[in-house]
Amino acid sequence: KQEVTQIPAALSVPEGENLVLNCSFTDSAIYNLQWFRQDPGKGLTSLLLIQSSQREQTSGRLNASLDKSSGRSTLYIAASQPGDSATYLCAVAGNQFYFGTGTSLTVIP
Amino acid sequence: GAVVSQHPSWVICKSGTSVKIECRSLDFQATTMFWYRQFPKQSLMLMATSNEGSKATYEQGVEKDKFLINHASLTLSTLTVTSAHPEDSSFYICSATAGANTEAFFGQGTRLTVV
């Protein structure tokens, strides 16, 4: 069974710093990997989708990479802002979706 | 991106009653819909997978007679929590895809509180 792990579980950084969130998965037979943002008590906002054939995707200050062979993905956030504070989830799509446990990010003004 | 609408966004019900949550794909045909549950400070856990026109596949530990899923059309799936109890209080989210290797779109979620 696919297992998805996110490290760190929580992260606190001062505003303006660049940061990296990590996601690892055990089964490399995936269709795609998505990164989501979840604000407290809210649903999910899709940030980036990387197909299994792709290595990275970029959207604004966000860059996500995928190394399927090693079972790893990273989400890079440049020049962090207080509004980036949220929980970030990665999910891998095989026959179903498997979610990581999330990284709770706090950006301190 | 595509839109998935989930309704209601929140509901409070009395213990023993049933609650229906709707999930609609507004601008695409969702061949597969997924239902997730999220307890406080925990990640999303898949409850069941439903394909249009067939019975849902439930994850281990999820009672199919308690969480009734209907996916009668390519744009609508419903989750009915029957005889709800306080321990069913949770955040429920649906997602929909047009195919196995396509992007998943998520509803806004439903916060269920059973009193």
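A quick note: this is a predicted structure, and the numbers were derived from the prediction, not measured.

1. Considering the overall build of chain B
On a plain count of helices and strands, chain B comes out with zero helices and eleven strands. Since a compact globule built from 115 residues should have a radius of gyration of about 13 Å, the 13 Å found for chain B is in line with a globular shape. A principal-axis box enclosing the C-alpha atoms of chain B has dimensions of 40 × 25 × 25 Å. Considering chain B as a whole, with its 115 residues, one finds that 50% of them fall into the buried category. Restricting the contact set of chain B to residue pairs at least 6 apart, pairs at least 24 apart contribute 54%. Summed over all atoms, the accessible surface of chain B reaches about 5,700 Å², with 52% contributed by carbon and sulfur. With 9 positive and 9 negative side-chain charges, chain B shows a spacing of 7 Å between the two charge centroids.

2. Some thoughts on the sheet that holds strand 7 (residues 67-73) of chain B
All names here are of chain B. The strand order across the open sheet built from four strands is 1-3-8-7, with neighbouring strands paired in antiparallel fashion. Sheet topology places strand 1 (4-7) and strand 7 at the edges, where each strand pairs with a single neighbour. Adjacent strand axes in the sheet meet at a mean angle of 15 degrees when their direction is disregarded. Note that strand 1 and strand 3 (residues 19-25) share four bridges and pair antiparallel. Counterpart to Gln 6 in the pairing with strand 3 is Cys 23.

3. Some thoughts on the interface of chain A and chain B
The interface of chain A with chain B comprises 19 residues on the first partner and 18 residues on the second. Interface area for chain A against chain B, summed over the two sides, is near 1,500 Å², with a carbon-plus-sulfur share of 58%. Interface area lost by chain A to chain B is led by A:Gln96, A:Phe97 and A:Phe99, which between them contribute 34%. If you look at where chain A meets chain B, you find zero salt bridges. Counting across the chain A and chain B interface gives one residue pair in polar contact (both at pLDDT 80 or more). The set of elements that each furnish at least two residues to the side of chain A that touches chain B consists of strand 4 (32-38), strand 5 (44-51) and strand 10 (97-99) of chain A. Its residues assigned to classes, the side of chain A that touches chain B shows seven nonpolar, eleven polar and one charged.

4. Focus: the nonpolar core
Counting 25 residues, the largest nonpolar core has B:Val4, B:Trp35, B:Phe67, B:Leu79, B:Tyr92 and B:Leu112 as its most contacted members. Looking at this core, the elements with two or more residues in it are strand 2 (10-13), strand 3, strand 4 (32-38), strand 5 (45-51), strand 7, strand 8 (76-81), strand 9 (90-97) and strand 11 (110-114) of chain B. Once residues within four sequence positions are removed from consideration, B:Leu112 is found in contact with B:Val11, B:Cys13, B:Val19, B:Val81, B:Asp88, B:Ser89, B:Ser90 and B:Tyr92. Judged by nonpolar contacts, the second largest core, of 23 residues, contains A:Ile50, A:Leu66, A:Leu75 and A:Ala86.

The rules we used
- Residues numbered from 1 in each chain as written.
- Chains lettered and ligands numbered in written order.
- Predicted model: local features only at pLDDT ≥ 70, side-chain atom pairs only at ≥ 80, totals over all residues.
- Heavy atoms only, no water.
- Helix = DSSP H or I, 4+ residues; strand = E, 2+ residues; numbered from the N terminus.
- Rg over C-alpha atoms; globule rule 2.2 N^0.38 Å.
- Buried < 20%, exposed > 50% of the residue type's maximum accessible area, 1.4 Å probe, protein only.
- Contact = heavy atoms within 4.5 Å.
- Areas by Shrake-Rupley, 256 points an atom, 1.4 Å probe, with all protein chains shown as cover.
- Lys, Arg positive; Asp, Glu negative; His and termini not counted.
- Charge placed at Lys NZ, Arg CZ, Asp CG, Glu CD.
- Pairing = 2+ DSSP bridges.
- Axes fitted to C-alpha atoms, helices over the stretch in contact; angles between N-to-C directions.
- Buried area = accessible area lost by both parts, 1.4 Å probe.
- Salt bridge = Lys/Arg side-chain N within 4 Å of Asp/Glu carboxyl O.
- Polar contact = N/O pair within 3.5 Å; in protein donor to acceptor, adjacent residues only side chain to side chain.
- Nonpolar A, V, L, I, M, F, W, Y, C, P; charged D, E, K, R; others polar.
- Core = buried A, V, L, I, M, F, W, Y, C linked by side-chain atoms within 4.5 Å.

Everything listed here is a matter of geometry and, on its own, says nothing about what the molecule does.
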